[in-house]
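Descriptive structure summary
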Amino acid sequence: MTASVREDAHGVMLAAFHGPEVPSWLAAAFADGLAGLCLYGDNLPADGDVRPLARAVSALDPTRVLALDEEGGDVTRLHMATGSPHPGNAALGLVDDVDLTRTVAAGIGAELRAAGVWLDLAPCADANSNPRNPVIGTRSFGADPALVARHVTAYVEGLALSGVAASVKHFPGHGDTSADSHVDLPRVDADAGVLRERELVPFRAAIAAGAASIMTSHVVLSAFDAERPATLSPAVLTGLLRSELQYDGVIVSDALDMAGASRTLGIGGAAVASLAAGADLLCLGPEPSPGPEVLRTAVDAVVRAVEAGELDRDRLRDAASRVERLRDHWARRPQPDATAVKAGRAAAEQVAAEVVRRLDVTPLRGRATVVRIDTGTNPAVGWTAWGRLDVDAEVVDLTARDLAGVEPFGGEVLVVTRRATAHPEVWAWVSEQLAANPRARLVELGWPDPALEGRPDVLCTMGSSAVLLTALSRALRGEAS
């Protein structure tokens, strides 16, 4: 039986819902053909554990796509309340052991499958060539495209070992940006030769590894399309990804509520434009209201566009067919080996211990003052727990607005921040603290700014995940790892 235009429009939507309970409208949306759902930080209950909710969604129909962002490290949905027990990509890339990366990814995949989730919007394949990148940073395996490529391959393979499909992101690359596409439209003006030898190398590796899906970026790469971000660009999605790189899997849009995609077009316009460009599964972004208003808006816009001849009917059918094949292939995979989670955690601890070993940490001498300066974060990270050191200390929590008039602390001091140098007022205060007190150290949880390189009073952890801070705490207490 041939699907209707409206059924196919539902069949390319990765929707969301508001709050921590399964909404009453979801069963009807599945009956209408909705492809699936993505869970966000907004869906977490008070205890911070999204897994019961994920299982409840999956129980309605386990063949539907159920996705979330579980990158490990700073970006986690399973462990937002406590911080991730897995190191992020920057730590994995620093250690550069692909077997450990594969094992960590398999452990993450096993946790996802146990919660009913079988599409992981990870890993980032962005080569973080701009150290001041405000949104990628420690989500990247590194700045070297070859290093990123081998760890992307291992990560895709590790997830697959646990029956989880990867969505490798953010094609064709978000690593050389100085703006955050959640709130702006970043632009990269490197020439095509540079982009092919830097940005595209990890994505070629992901395709060779059999990546089930690739997620687009809301970034203008002017050498490929000077006007439109990749998510809305036929030249990038159909010309570059499909034709040149010969990718035949599912193309997933990054969340269309982000300013880089829908600020001028709106959700409906962005949905139509992304499908026309070559995307197959549209990630709509968080649903801000109790009802499925965003979903209705996107579906109605696609139906109208097809009826008006503005969107080719065959293109919509092709997209829906690709999503159907993805669901057929991945939704009913057997549960992974029961030891995968334990092995992943053990590998994570090994990585964290190696990262900290390279820091050559001098143990604290007595009770310390831990000054945590909250510089904020981006929507990809959200409100995830951060900066918790398990040492004998008085903890002082500050924000950038609090620093004026705060005198440097004496004695053993650990200043914990994310991207301290990106905030002038924070960096000025931290610099004054380090200069005034030889027993003060900066614990930098973000991507290390080149200005910090070689400084003995700076400890760069390559991320803020719980496993990294546990390893650092152990070293600060003078305990062997």
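In this report, the structure presented in the accompanying data block is examined. Quick caveat, the model's predicted, so the values are computed rather than measured. Within each chain, residue numbers correspond to sequence positions counted from 1 in written order. Given that the model is predicted, a residue must reach a pLDDT of at least 70 before its local features are reported, and side-chain atom pairs must reach 80 or more before they are shown or counted; all residues, however, enter totals for whole chains, interfaces and linings. Based on all heavy atoms of the structure, the side-chain values leave hydrogens and waters out of the count.

1. Section: the packing of helix α6 (residues 145-161) against helix α8 (residues 200-208)
- Every angle, taken between N-to-C directions, lies between 0 and 180 degrees, and every axis is a line fitted to C-alpha atoms, over only the stretch in contact when it is a helix. Helix and strand assignments follow DSSP, with helices taken as H or I runs no shorter than four residues and strands as E runs no shorter than two, numbered in order from the N terminus. Viewed as axis vectors pointing N to C, α6 and α8 meet at an angle of 25 degrees, and their least axial separation amounts to 8 Å. With respect to α8, the element α6 is oriented roughly parallel. Judged by the sense of rotation from one axis to the other, the crossing of α6 with α8 is right-handed. Contact residues: P145, A146, V148, A149, V152 and T153 in α6; V201, P202, A205 and A206 in α8.
- Nonpolar residues are Ala, Val, Leu, Ile, Met, Phe, Trp, Tyr, Cys and Pro. Charged residues are Asp, Glu, Lys and Arg, and all others, Gly as well, are polar. Grouping the amino acids of the contact of α6 with α8 by side-chain chemistry returns nine nonpolar, one polar and no charged. Each angle is binned into one of four classes, with values under 35 degrees roughly parallel, values over 145 roughly antiparallel, values of 65 to 115 roughly perpendicular, and all other values oblique. For any pair of crossing helices, the crossing counts as left-handed if the nearer helix is rotated counterclockwise from the farther one by less than a right angle, and right-handed if it is rotated clockwise. Any two residues whose heavy atoms approach within 4.5 Å at even a single point are treated as in contact.

2. Some thoughts on the sheet that holds strand β2 (residues 36-38)
- Whether two strands pair depends on DSSP finding at least two bridges between them. Ordered in space as β9-β7-β5-β4-β3-β2-β1-β10, the eight strands form an open sheet in which the pairing is parallel. Each having just a single partner strand, β9 (250-252) and β10 (282-283) make up the two edges of the open sheet.
- Where β2 and strand β3 (residues 65-68) come together, three bridges link them in parallel fashion. Following the sheet pairing, G36 is matched in β3 by V65.
- Each of β5 (165-171) and β7 (213-216) touches α8; the most contacted strand, β5, lies at about 160 degrees to it.

3. A word on the packing of helix α11 (residues 266-277) against helix α12 (residues 293-307)
- Contact geometry of α11 with α12 gives a least axis separation of 8 Å together with a crossing angle of 50 degrees. The orientation of α11 relative to α12 falls into the category oblique. Note that α11 runs across α12; the crossing there is right-handed. Taking contact as the criterion, the partners of I267, G268, A271, V272 and L275 in α11 are, on α12, V294, T297, A298, A301, V302 and A305.
- Here the contact of α11 with α12 is composed, by residue class, of nine nonpolar, two polar and no charged.

4. Focus on the environment of G376
- Among the structural elements, G376 can be located in the loop between β11 (368-374) and β12 (393-399).
- Remark: the alpha-carbon pair of G376 and T103, spanning 273 residues in sequence, is separated by 31 Å.

5. Structural notes on the state of the cysteines
- Two cysteine sulfurs form what is called a disulfide whenever their separation falls within 2.5 Å. Summed over the entire model, instances satisfying the criterion amount to zero disulfides.
- Not part of a disulfide, C38 finds its nearest cysteine sulfur in C283, a span of 4.7 Å.
- For each residue, the accessible area found with a 1.4 Å probe, counting protein chains only, is set against the maximum for its type, and the residue is called buried under 20%, exposed over 50%, and partly exposed in between. Look at C38 and you get buried, because its relative accessible area is 1%.
- Using a relative accessible area of 2% as the deciding quantity, one classes C283 as buried.

6. A look at helix α14 (residues 340-357)
- Over its 18 residues, α14 runs 26 Å from end to end, which matches the ideal 26 Å to within 8%, given 1.5 Å per residue.
- Here α14 has its buried residues at A340, G344, A347, A348, V351, A352, A353, E354, V355 and V356.
- On its buried face, α14 sits against α4 (89-95), α5 (98-114) and α16 (466-476). Each helix should span, by expectation, one fewer than its residue count multiplied by 1.5 Å.

7. Structural notes on the pattern of salt bridges
- When a carboxyl oxygen of Asp or Glu lies within 4 Å of a side-chain nitrogen of Lys or Arg, that pair is called a salt bridge. Scanning the entire structure with this criterion turns up 36 salt bridges.
- As a salt-bridge pair, R296 and E293 come within 2.8 Å of each other at their nearest N and O atoms. Placement of the pair is R296 and E293 together in helix α12, with a separation of three residues, close to one helical turn.
- Residue classification places E293 among the partly exposed positions, given a relative accessible area of 41%.
- Where salt bridges share partners, they join R242, D248, D280, R315, D318 and R322 into one cluster.

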